[in-house]
Amino acid sequence: MATICVIGMGYVGLVTAACLADFGNEVIGLDIDTEKIAHLRQGVLPIYEPGLEEIVERTSRAGRLSFTSDYAEAIPPAEFIFIAVDTPSGANGQADLSSVQRAARGIAEHLRRPAIIINKSTVPIGAGDMVAQIIAEHRRCPVAFAVVSNPEFLREGSAVYDFLNPDRIVLGATDRQAAERVAQLYAPLKCPIMITDLRTAEMIKYASNSFLATKISFINEIAQICEKLGADVREVARGMGLDRRIGPAFLEAGLGWGGSCFPKDVRALEYMATVQGCHPQLLRAVMEINRDQRIRVVQKVRDLLGGLQGRVIGILGLAFKPNTDDIREAPSLDVINLLQSEGAIIKAYDPVAMGNAAKVLRDVQFCSDPYEVARGADALVIVTEWNEFKQLALERLRDLMRRPVIVDGRNIYEPAQMRALGFLYQCIGRPC
Ligand code: UDX
């Protein structure tokens, strides 16, 4: 049993705190957002994540998980202090480290016993050293401490599963003994644990996310070429994925990647490389292809309708991917903005993300289901591949629409079937 503090009660922090408490540790979750803490104390979670509520409930009831906004309460007893605060994109794409710096100063002021500080936030290479320096300069008591980098690879929507079933744990430290003590916290997971230096661990996170984004942009570029040459990108991806050196994951062509991690991390790596005098041309192309995917889908709608001015376009799906209400950097936002800039009228439906979307979108008519979206629409665009869009009553949909036009940005329907039903149907990288 260890005494642990986790700073930052977002996706990464809350999942980490809850799962470590479930392993039998005593965990206190710290966040400066007092409203969030008040809710957590009542068992109300700031995010939707399958399985998380039960673990928070169980461990809070057992007295192993508690929440506070007070550094003076959380830091002094902790042997392990995780930093899991947000690192948003700054103006030029560089990661904004102000939350990490604030957390480091908070730790420094209240450190009363030797502790290991573990960075789980995705931070630029060198930030672990920065945290160590802030703590060394600002600590009130001359106690020993070590900083360990421990990048998190969990996905939204399966964060608890991913935490409990990782492919690997990466730990980076100057002090190997400190890394080995952190490794002990993860002993229940029985997965490969890799110990390396601080900067290498930080780089593993950026390189992994950038590689996955590259895989998606690669297949999206292939999709574009397939369209021109009459090949089917889904079959191409299947054929490629059977090669064990390539693997089948992350080869689904479509509207591209979004969310809170990939865009921010690829941008930040490109920025770090540029500042160092490198020429990160692949990363730039990966981002450009991703932007183009959104533009190209709008172009398809425009071509099918012969213009967008005054046309009613229905959007199916707003979340950046299924099973989340997160719309950060979602393709839907760009697609809607592009359509609106050409005078289109937008209706939209998403099973869970409409509340978040309403905060950032203007002049969108939100509907209660896909059929209401279809009513009177000149075209539908499938933006997120929610399960509930996969078996729509297509004849009913067609009869409700002003024109039977569908642009399927996630390849969930079969072109031949759609044609047989009388739709003008376009998708990504497949002959229609
Ligand atoms: C990602 C990483 O997977 C995770 O390891 C990291 O810690 C955080 O970023 P997440 O943002 O939750 O997780 O999303 P993920 O499920 O990985 O999907 C990323 C994006 O890629 C989504 O927008 C998804 O729609 C898109 N995608 C994924 C594709 O377009 N095609 C694919 O084949 C796979």
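Throughout, a residue's number is its position along its own chain's written sequence, starting from 1. Thresholds applied to this predicted model are a pLDDT of at least 70 for local features of residues and 80 or more for the giving and counting of side-chain atom pairs; totals over whole chains, interfaces and linings are not thresholded and use all residues. Values shown for side chains rest on all heavy atoms present in the structure; no hydrogens or waters enter the calculation.

Asker: Just checking my understanding: could you explain the overall build of the chain for this structure?
Answerer: In DSSP terms, a helix is any run of H or I states spanning at least four residues, a strand is any run of E spanning at least two, and both are numbered starting from the N terminus. Secondary structure assignment for the chain yields 17 helices and 14 strands. Between the two quantities, the radius of gyration covers C-alpha atoms and the globule rule is 2.2 Å times the number of residues to the power 0.38. Computed over the C-alpha atoms, the radius of gyration of the chain is 24 Å, within 12% of the 22 Å expected from 2.2 N^0.38 for a compact globule of 432 residues. The dimensions of the chain, computed from C-alpha atoms along their principal axes, are 75 × 45 × 40 Å. Between buried and exposed lies partly exposed: a residue is buried under 20% and exposed over 50% of the maximum accessible area for its type, with that area taken using a 1.4 Å probe on protein chains only. A total of 432 residues make up the chain; the buried ones form 54% of that total. By definition, residues are in contact when any of their heavy atoms lie within 4.5 Å. Contacts in the chain between residues at least 24 apart in sequence constitute 72% of all its contacts with a sequence separation of at least 6. Accessible surface area values rest on a Shrake-Rupley calculation with a 1.4 Å probe, where residue burial reflects the displayed protein chains alone. For the chain, the accessible surface area stands at approximately 19,100 Å², while carbon and sulfur atoms represent 51% of it.

Asker: Mind showing me how you'd approach helix H5 (residues 98-110) here?
Answerer: Given 3.6 residues to a turn, an α-helix orients residues that are three or four positions apart in the same direction. End to end, H5 covers 19 Å across 13 residues, agreeing with the expected 18 Å (1.5 Å per residue, within 8%). Buried residues belonging to H5 abut strand E1 (3-7), helix H4 (71-74), strand E4 (80-83), strand E5 (115-119) and helix H6 (127-138). Helix span is expected to be 1.5 Å times the residue number reduced by one.

Asker: Where do I start with the packing of aromatic side chains in this structure?
Answerer: We describe a pair of aromatic rings using the distance from one ring centre to the other and the angle between the two ring planes. Side-chain rings of Phe, Tyr and Trp, where Trp is taken by its six-membered ring, are said to pair if the distance between their centres is within 6.5 Å; with planes under 30 degrees apart they count as stacked, over 60 as edge-to-face, and otherwise as tilted. In total, this model carries three aromatic pairs according to the counting rule given. Between Phe 250 and Phe 262 the ring centres are 6.2 Å apart and the planes differ by 55°, which places this aromatic pair in the tilted class. Placement of Phe 250 in the loop between helix H10 (233-241) and helix H11 (262-275) and of Phe 262 in helix H11 is noted, with a sequence separation of twelve residues between them. For Phe 262, a relative accessible area of 13% corresponds to the buried category. Ring plane angle 65° and centroid distance 6.1 Å describe the contact between Tyr 349 and Phe 389, whose orientation is recorded as edge-to-face. With Tyr 349 in strand E10 (residues 345-349) and Phe 389 in the loop between strand E12 (379-382) and helix H16 (394-400), this residue pair connects regions lying 40 residues apart in the sequence. For Tyr 349, a relative accessible area of 8% gives the class buried. Its relative accessible area of 0% is what places Phe 389 among the buried residues.

Asker: Where do I start with the pattern of salt bridges in this structure?
Answerer: A side chain with one charge can pair with a side chain of the opposite charge if their charged atoms come near. Whenever Lys or Arg places a side-chain nitrogen within 4 Å of a carboxyl oxygen from Asp or Glu, that contact is recorded as a salt bridge. According to the stated counting rule, one finds 25 salt bridges in the structure shown. Close ionic contact of Asp 243 with Arg 245 constitutes a salt bridge, the shortest N to O distance being 2.8 Å. Judged by its relative accessible area of 23%, Asp 243 falls in the partly exposed class. Here Glu 342 and Arg 302 are joined by a salt bridge, their closest N and O atoms 2.7 Å apart. In this pair, Glu 342 is assigned in the loop between helix H13 (331-341) and E10 and Arg 302 in helix H12 (residues 281-305), connecting sequence segments 40 residues apart. Given the relative accessible area of 28%, Glu 342 is considered partly exposed.

Asker: I tried to follow the sheet that holds strand E11 (residues 364-366) on my own but got confused; where do I start?
Answerer: Paired through backbone hydrogen bonds, the strands of a sheet run either parallel or antiparallel to each other. Two strands pair if DSSP finds at least two bridges between them. The parallel open sheet is built from six strands, whose spatial order is E11-E10-E9-E12-E13-E14. Every interior strand has two partners, whereas the edge strands, E11 and strand E14 (424-426), have only one. Within this sheet the neighbouring strands show an average axis-to-axis angle of 20°, counted without direction. The sheet contact formed by strand E13 (residues 405-408) and E14 spans three bridges and is parallel. Counted as the bridge partner of Val 405 is Leu 424 from E14. Together, strand E9 (312-316), E10 and E11 form the strand contacts of H13, whose direction differs from that of E9 by roughly 180°. Axis geometry follows a simple rule: fit a line to the C-alpha atoms, using only the stretch in contact for helices, then measure angles between N-to-C directions, giving values from 0 to 180 degrees.

Asker: Hey, could you run me through the site of the ligand in this one?
Answerer: Residues are counted as near a molecule or strand when any one of their heavy atoms sits within 4 Å of it. Around the ligand sit 19 residues in total, of which Phe 153, Glu 156, Glu 252, Gly 258 and Lys 321 are the nearest. Between the ligand and Phe 153 there is a distance of 2.6 Å, counted from an oxygen atom to a backbone nitrogen or oxygen. Polar contact criterion, stated in full: a pair of N or O atoms within 3.5 Å, where within protein one must be able to donate a hydrogen and the other to accept it, and residues adjacent in sequence count only if both atoms are side-chain atoms. In this structure, an oxygen atom belonging to the ligand sits 3.3 Å away from a main-chain N or O atom of Leu 251. Notes on the ligand: free accessible area 670 Å², of which the protein chains cover 90%. Element by element, the count of residues in the shell around the ligand is highest for helix H9 (residues 198-229), at three residues.

Asker: Help me understand unusual backbone geometry, please; the structure alone is not making it clear to me.
Answerer: Most peptide bonds take the trans configuration, and most residues that are not glycine carry a negative phi. Positive phi, normally seen in glycine, also occurs at Lys 190, with a value near 50°. Residue position: Lys 190 is located in the loop between helix H8 (176-185) and strand E8 (193-196). For Lys 190, a relative accessible area of 75% corresponds to the exposed category. Of note in the backbone geometry, Asp 363 takes a positive phi value of approximately 55° without being a glycine.

Asker: What exactly am I supposed to notice about the sheet that holds strand E7 (residues 169-173) here?
Answerer: Taken together, eight strands build an open sheet; the order of strands is E3-E2-E1-E4-E5-E6-E7-E8 and the sheet is mixed. Looking along the sheet, the strands with just one partner apiece sit at the ends: strand E3 (65-68) and E8. Adjacent strand axes in the sheet meet at a mean angle of 25° when their direction is disregarded. Two strands pair when backbone bridges link them, and E4 and E5 are joined in this way by four bridges, in the parallel orientation. The partner of Ile 83 across the bridge, within E5, is Asn 119. Here H9 sits on the sheet in contact with strand E6 (145-149), E7 and E8, set at roughly 145° to E7.

Asker: Just checking my understanding: could you explain the state of the cysteines for this structure?
Answerer: Sulfur atoms of two cysteines make up a disulfide when they are within 2.5 Å. In this structure the tally under the stated criterion is zero disulfides. In this structure Cys 191 is not part of a disulfide, and its nearest cysteine sulfur, from Cys 19, lies 13 Å away. As a non-bridged cysteine, Cys 432 has Cys 427 as the owner of its nearest cysteine sulfur, 3.3 Å distant. Taking relative accessible area as the criterion, Cys 432 reaches 40% and is therefore assigned partly exposed.

Interpretation in functional terms is not warranted from these geometric data alone.
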